[in-house]
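# Architecture and fold: a report
Spelled out, the chains give:
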Amino acid sequence: MKKLLFLMTLVSALSFAKDSPTDILEDRIEDQLKVRMESVLKKADYDVTIVNNSMNIEVEIEGLTTPKLNFDKVAQDILKNLGTDSSIDDIYIVIKHDSAVGEDKILFSQYFKK
């Protein structure tokens, strides 16, 4: 019984350990956006996912009130600051307001073709 439990624990641990080959690139892009976009978006969290030559960027803006920004300009600034390689064909940007009270609110959603 102990061997079976140990085997199940080992298999589940190994399944969580497998990383995507794009994890390092995703982390670098998130850090790059955090630094370069700090003057535009003060309290923002970036989540980048790359799958099959498509990039999804989710930006969560934290705060009590919804920010008054030109989100088209913010998206264009994000695109300028990406600096991705030519293997990315599609970019999808979602900007959300992460309110402390209530549910998240989608402020902007746009698909960009390179």
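Given the structure is predicted, the values throughout are model-derived calculations rather than measurements. (Residues numbered from 1 in each chain as written. Predicted model: local features only at pLDDT ≥ 70, side-chain atom pairs only at ≥ 80, totals over all residues. Heavy atoms only, no water.)

## Quick notes on the overall build of the protein chain
Rules: Runs of H or I in DSSP of at least four residues are treated as helices and runs of E of at least two as strands, each being numbered from the N terminus. Exposure categories follow from relative accessible area, calculated using a 1.4 Å probe and restricted to protein chains: below 20% of the type maximum is buried, above 50% is exposed, and the middle band is partly exposed. To be clear on the numbers: accessible area is Shrake-Rupley with a 1.4 Å probe, and residue cover counts the displayed protein chains and nothing else.
Along the backbone of the protein chain there are three helices and four strands. In the protein chain, the succession of α and β elements from N to C terminus is α-α-β-β-α-β-β. Counting all 114 residues of the protein chain, 30% fall into the buried class. Just so you have it, the protein chain exposes about 8,100 Å², and 56% of that area is on carbon and sulfur atoms.

## Regarding the sheet that holds strand β4 (residues 105-113)
The pairing of strands in a sheet comes from backbone hydrogen bonds and takes either a parallel or an antiparallel form. To keep things clear, this is the line we draw: Being paired, for any two strands, means DSSP has found at least two bridges between them. Axis definition: a line fitted to C-alpha atoms, over the contacting stretch in the case of helices. Angles run 0 to 180 degrees between N-to-C directions.
If you trace the four strands from one edge of the open sheet to the other, you get β1-β2-β3-β4, paired in mixed fashion. Each end of this open sheet is capped by a strand with a single partner; those strands are β1 (44-51) and β4. Between one strand axis and the next, the sheet turns by 15° as a mean value, whatever way the strands run. Pairing of β1 with strand β2 (residues 54-63), which is carried by eight bridges, proceeds in the antiparallel orientation. In the strand pairing of β2, aspartate 45 is matched with glutamate 60.

## What about the packing of helix α2 (residues 23-36) against helix α3 (residues 71-82)?
Our working rule: Any angle that falls under 35 degrees is termed roughly parallel, while one over 145 is termed roughly antiparallel, one within 65 to 115 roughly perpendicular, and all others oblique. By the definition used in this description, the sense in which the near helix is turned from the far one sets the handedness, with an anticlockwise turn below a right angle giving left-handed and a clockwise turn giving right-handed. Working rule for contacts: check all heavy atoms of both residues, and any pair within 4.5 Å makes them a contact. Following the grouping adopted for this structure description, the nonpolar residues are Ala, Val, Leu, Ile, Met, Phe, Trp, Tyr, Cys and Pro, the charged ones are Asp, Glu, Lys and Arg, and the polar ones are all others, Gly among them.
Where α2 meets α3, the axes come as close as 10 Å, and the angle between the chain directions of the two elements is 125°. Overall, the two elements α2 and α3 adopt an arrangement that is oblique. The way α2 lies across α3 gives a crossing that is right-handed. Here Ile29, Gln32, Leu33 and Arg36 of α2 come into contact with α3, specifically with Ile78, Asn81 and Leu82. Taken together, the residues that form the contact of α2 with α3 break down as four nonpolar, two polar and one charged.

## What about the pattern of salt bridges?
We apply this condition: What makes a salt bridge here is a side-chain nitrogen of Lys or Arg within 4 Å of a carboxyl oxygen of Asp or Glu, nothing more.
Summed over all chains, the structure comprises four salt bridges. Across the salt bridge formed by glutamate 58 and lysine 96, the nearest N and O atoms sit 3.8 Å from each other. Remark: lysine 96 occurs in strand β3 (residues 90-99) and glutamate 58 occurs in strand β2; sequence separation between them is 38 residues. The partly exposed category is assigned to glutamate 58, whose relative accessible area is 26%.

## Section: the pairing of β1
For a regular strand, side chains alternate in direction, first toward one face of the sheet and then toward the other. Because side chains alternate across β1, one face comprises the buried residues Ala44, Tyr46, Val48 and Ile50, and the other comprises Asp45, Asp47, Thr49 and Val51, none of which is buried. From the end of β1 to the start of β2, which pair antiparallel, there are two residues, and asparagine 52 there has a positive phi angle of about 50°.

## Structural notes on α2
What counts here: Helix span, expected: 1.5 Å multiplied by one less than the number of residues in the helix. The directions considered for the arc are those from the helix axis to the C-beta atoms.
Over its 14 residues, α2 extends 20 Å from the first C-alpha to the last, a length consistent with the 20 Å expected when each residue adds 1.5 Å. If you check which residues of α2 are buried, you get Glu26, Ile29, Glu30 and Leu33. Summarising the axial view, the buried residues of α2 lie within an arc of 100°, below the 170-degree limit, and thus occupy one face. Among the exposed residues of α2, those pointing more than 90 degrees away from its buried face are Ile24, Arg28 and Val35. Residues of α2 that are buried make contact with β1, β2 and α3.

## Structural notes on the confidence of the model for the protein chain
Put simply, the rule reads: pLDDT expresses how confident the predictor is about each individual residue, on a scale running from 0 to 100.
Mean pLDDT for the protein chain: 79, with 79% of residues reaching 70 or above. When pLDDT is averaged over each element of the protein chain, β1 comes out on top at 88 and helix α1 (residues 2-17) at the bottom at 59.

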